[in-house]
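Analysis of the macromolecular model
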Amino acid sequence: MTEHTSRVAVVTGASSGIGEATARALAAAGYHVVVGARRLSRLRRLADEIDGTARQLDVTDEASVAAFADALDRADVLVNNAGGAKGLAPVADADLDDWRWMWETNVLGTLRLTKALLPKLIASGDGLIVTITSVAALAPYDNGAGYTSAKHAQAVLHRTLRGELLGKPVRLTEIAPGAVETEFSLVRFDGDEERAAAVYRGITPLLAADIADLVAFVASRPPHVNIDQIVVKPRDQADAGRFSRQA
Ligand code: NAP
């Protein structure tokens, strides 16, 4: 275990997309960033670039989370970012394995990491938990119940902590993005590049760096300022299913 004198930020799901961009932004803001995900080679490349620490992490695996948490000497910021969607199907045709993946990763993954790091976040004297939920945590949409229900549950878990941790030196921020162009849709559609590209066709989506900027902004506020929730969408998106698309 390396002793760190600078503040330590932990970012889950940092091997791509929002997590990777967030790790870069927090490193630029002066944090030592510990990046976790399952694809270790990607994490190592990133950690080399930002002078951070790469650690393999599967948020669905108790032993992996315990080993990840034990290896940290301190934690000042936790970004619960690991997550995603699998499939797009009406409830009548729901794939139970897809649902299990979404609930295990988004909901129980956030629960596992939060539980494991909470003592260190409190001990830091100025802890911050940022959870990346989604506009899917704000309203349901047709064919999306596996993801919207998981994101609602993840958000309610996060929001509950705001009350339960009152009096403790930990701030809580939920960031609920609309469409961000990352590997999200590729994962959702099981590697189907054509289908994934169609999600962003004709709109100017958010970039991972747009969300990372918000995390860095939240983390740079003074300790008495708690930004509870940020909802951020592309200008071309009104809600989860309503877009203005150029032909
Ligand atoms: P992404 O590019 O697919 O990134 C997802 C990250 O989660 C990857 O680094 C992946 O790493 C990690 N991950 C998945 N399962 C994991 C597990 N079991 N253990 C540890 N890490 C795991 O997608 P993204 O858009 O950046 O998604 C990040 C977060 O933003 C997710 O929570 C997503 O629900 C949310 N979000 C995305 C959008 C969007 O439009 N893109 C909108 C709203 C909210 P490994 O595969 O290497 O483990």
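Structure: see above.
Residues numbered from 1 in each chain as written. Predicted model: local features only at pLDDT ≥ 70, side-chain atom pairs only at ≥ 80, totals over all residues. Heavy atoms only, no water.

1. Considerations on the overall build of the protein
- Counting its regular elements, the protein contains 8 helices and 11 strands.
- For 247 residues, the compact-globule formula gives about 18 Å, and the C-alpha radius of gyration of the protein, at 17 Å, lands near that figure.
- Dimensions of the protein along its principal axes, counting C-alpha atoms only, are 50 × 40 × 35 Å.
- Per-residue burial over the protein gives 48% buried out of 247 residues.
- Within the protein, contacts between residues separated by at least 24 positions form 67% of all contacts whose residues are at least 6 apart in sequence. (Helix = DSSP H or I, 4+ residues; strand = E, 2+ residues; numbered from the N terminus. Rg over C-alpha atoms; globule rule 2.2 N^0.38 Å. Buried < 20%, exposed > 50% of the residue type's maximum accessible area, 1.4 Å probe, protein only. Contact = heavy atoms within 4.5 Å.)

2. Things to note about the pairing of strand S2 (residues 32-37)
- A large share of S2 lies buried, amounting to 6 of its 6 residues.
- Going residue by residue along S2, you find His32, Val34 and Gly36 tucked away on one face and Val33, Val35 and Ala37 tucked away on the opposite face as well.
- With 5 bridges joining them, strand S1 (residues 8-12) and S2 adopt parallel strand pairing. Residue Val10 lies in a different strand from S2, and its bridge partner there is Val34.
- Considered for its hand, the β-α-β crossover made up of S1, helix H1 (residues 17-28) and S2 is right-handed.
- In terms of strand pairing, S2 meets strand S3 (residues 53-56) through 4 bridges, oriented parallel. Bridging across to S3, Val34 finds its partner in Thr53. (Pairing = 2+ DSSP bridges. Right-handed = clockwise from strand over helix to strand, strands pointing away.)

3. Overview of the nonpolar core
- Within the largest apolar cluster, 36 residues are counted, with the highest numbers of intra-cluster contacts made by Leu26 and Val33.
- Looking at this core, the elements with two or more residues in it are S1, H1, S2, helix H2 (40-50), strand S4 (77-80), strand S5 (127-132), helix H8 (208-219) and strand S9 (229-232).
- The greatest single-element share of this core, amounting to 7 residues, is contributed by H8.
- Judged by nonpolar contacts, the second largest core, of 21 residues, contains Phe68, Leu78, Leu117 and Leu118. (Core = buried A, V, L, I, M, F, W, Y, C linked by side-chain atoms within 4.5 Å.)

4. Details of the packing of H1 against H8
- Where H1 meets H8, the closest approach of the two axes is 8 Å, and the angle between their N-to-C directions is 45°. Between H1 and H8, the interaxial angle falls into the category oblique. The element H1 and its partner H8 pack so that their crossing is right-handed. Here Gly17, Ile18, Ala21, Thr22, Ala25 and Leu26 of H1 come into contact with H8, specifically with Ala208, Ala209, Ile211, Ala212, Val215, Ala216 and Ala219.
- Looking at side-chain class alone, the contact of H1 with H8 contains 11 nonpolar, 2 polar and no charged residues. (Axes fitted to C-alpha atoms, helices over the stretch in contact; angles between N-to-C directions. Parallel < 35°, antiparallel > 145°, perpendicular 65-115°, else oblique. Left-handed = near helix turned anticlockwise from the far one by under 90°. Nonpolar A, V, L, I, M, F, W, Y, C, P; charged D, E, K, R; others polar.)

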